[in-house]
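Structure at a glance
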Amino acid sequence: MIVVEDVHKHFGGFHAVDGATLEIKSGSITGLIGPNGAGKTTLFNVIAGVLKPTSGQVFMDGEDITGLEPHELFGKGLLRTFQIAHEFGSMTVRENLMMVPAGQTGETLWNTWFGRKRIADEERALLAKADEVLEFLTIDHLKDEKAGNLSGGQKKLLELGRTMMVDAKIVFLDEVGAGVNRTLLNTIGDAILRLNKERGYTFCMIEHDMDFIGRLCDPVICMAEGKVLAEGTIDEIKANEQVIEAYLGTGLKNKDAVSA
C-alpha cells in the first residue's frame, strides 16, 4: 500500500531521514522501531504530509503522494495519530468523533439556513456512527464525558476512534502505548487487531514496547541514523546483531536487553 523510495529529510546540516526505503503491505500491521533519534517520527511526518521531503518519493496504491498536504491524504484514507493525543478538551467524547468527517452540510452558512433537514439527517447518522465506534472501543460509558478529562490511555482510544469515523485505509500510530497503563494498552491492542482482521485496516506503528510490538506486528522494521537497518519478524529483529548494536552499542552479549 505504501512505498517509500530513498527519502531524505534534512534540517540544515542534520539528516533526520537519510535515504529510507521501505514498503508497508496492504492488510499488515507493520512495526517501526529504533533508538531515539533514528528518524522514525520524521519519516511518519513525511509520509503523512506534515513535512516535505528534501528528496525521495512516497507512493500510496501506486500513486505518487509525495508532498501532498495532510488534508489531501486524509481524503485518500491515510491518517495518523500522535504520541501526545490532540483531543478537543472542552467537547464531549462523542462530539470529538462527530466532527471528524469532512464536508459536513452544516459547515456552510447557506446550508444552516436552507438545508436544515439534511443537516439533521446527517447529524443523526453521525451520532449513530459515533456511538457504534465507542461501543467497539469499549468506552461508550464515556460518551458524554469532556475529552479533556480522559486518562492518557482513554485519549489514545479516542484518537483511534477518530480513524473509524472515516474510511481509513492506513493508519500511522505514533507511540500509541506511551504513558498508557497495561490494562488500557491491552484494550488498545485488541482494538487494533480487530480493526485489522475484521475491517481490513492497515497499520504502521512506532512503538518502544517490544512486547506490544511482538503481539501485534509482522513485519517489524528497525531504523537507525535515518536509514532502514533491518526488517523481519520480531524474533529475527531481536536476534539481529546490527539492531542490538544500534540499541546498545555492545554487540550480541547483551542481546536479551533488546526485548526489555
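Residues numbered from 1 in each chain as written. Predicted model: local features only at pLDDT ≥ 70, side-chain atom pairs only at ≥ 80, totals over all residues. Heavy atoms only, no water.

Examining the layout of surface pockets
Of the voids in this model, the largest pocket is the one considered here, and its volume is about 540 Å³. Taken together, 18 residues line the largest pocket, and the ones lying closest to its centre are Phe74, Leu79, Arg80, Phe82 and Arg162. Sorting the residues of the lining of the largest pocket by element identifies α2 (70-75), β6 (78-80) and α6 (152-164) as the ones contributing at least two each. Taken together, the residues of the lining of the largest pocket sort by class into 10 nonpolar, 5 polar and 3 charged. (1 Å grid on protein atoms, 1.4 Å probe; cavity = no way out; pocket = protein on both sides within 12 Å on 5 of 7 lines; lining within 4 Å. Points joined across faces, edges and corners; volume = space filled by probe spheres on them. Helix = DSSP H or I, 4+ residues; strand = E, 2+ residues; numbered from the N terminus. Nonpolar A, V, L, I, M, F, W, Y, C, P; charged D, E, K, R; others polar.)

Observations regarding the environment of Leu126
Position of Leu126 among the secondary structure elements: in helix α5 (residues 116-136). Between the C-alpha atoms of Leu126 and Met99, which are 27 residues apart in sequence, the distance is 8.6 Å.

A look at the pattern of salt bridges
On inspection of all chains with the given rule, the structure shows 14 salt bridges. Between Asp61 and Lys169 there is a salt bridge, and its shortest N-O distance comes to 3.8 Å. Placement of the pair is Asp61 in the loop between β4 (55-60) and β5 (63-64) and Lys169 in the loop between α6 and β7 (170-174), with a sequence separation of 108 residues. Between Asp131 and Arg94 there is a salt bridge, and its shortest N-O distance comes to 3.0 Å. Of this pair, Asp131 sits in helix α5 while Arg94 sits in helix α3 (residues 93-98), placing them 37 residues apart in sequence. For Arg94, a relative accessible area of 17% gives the class buried. What emerges from the salt-bridge pattern is a single network uniting Arg94, Asp131 and Asp144. (Salt bridge = Lys/Arg side-chain N within 4 Å of Asp/Glu carboxyl O. Buried < 20%, exposed > 50% of the residue type's maximum accessible area, 1.4 Å probe, protein only.)

Looking at the sheet that holds strand β10 (residues 227-232)
With mixed pairing, 6 strands are arranged side by side in an open sheet as β6-β7-β8-β3-β9-β10. Each edge of the open sheet is held by one strand with a lone partner, namely β6 and β10. Between one strand axis and the next, the sheet turns through 20° on average, direction left out of account. Here strand β9 (residues 220-224) pairs with β10 via 5 bridges, running antiparallel. Within β10, the residue paired with Val220 across the bridge is Gly232. (Pairing = 2+ DSSP bridges. Axes fitted to C-alpha atoms, helices over the stretch in contact; angles between N-to-C directions.)

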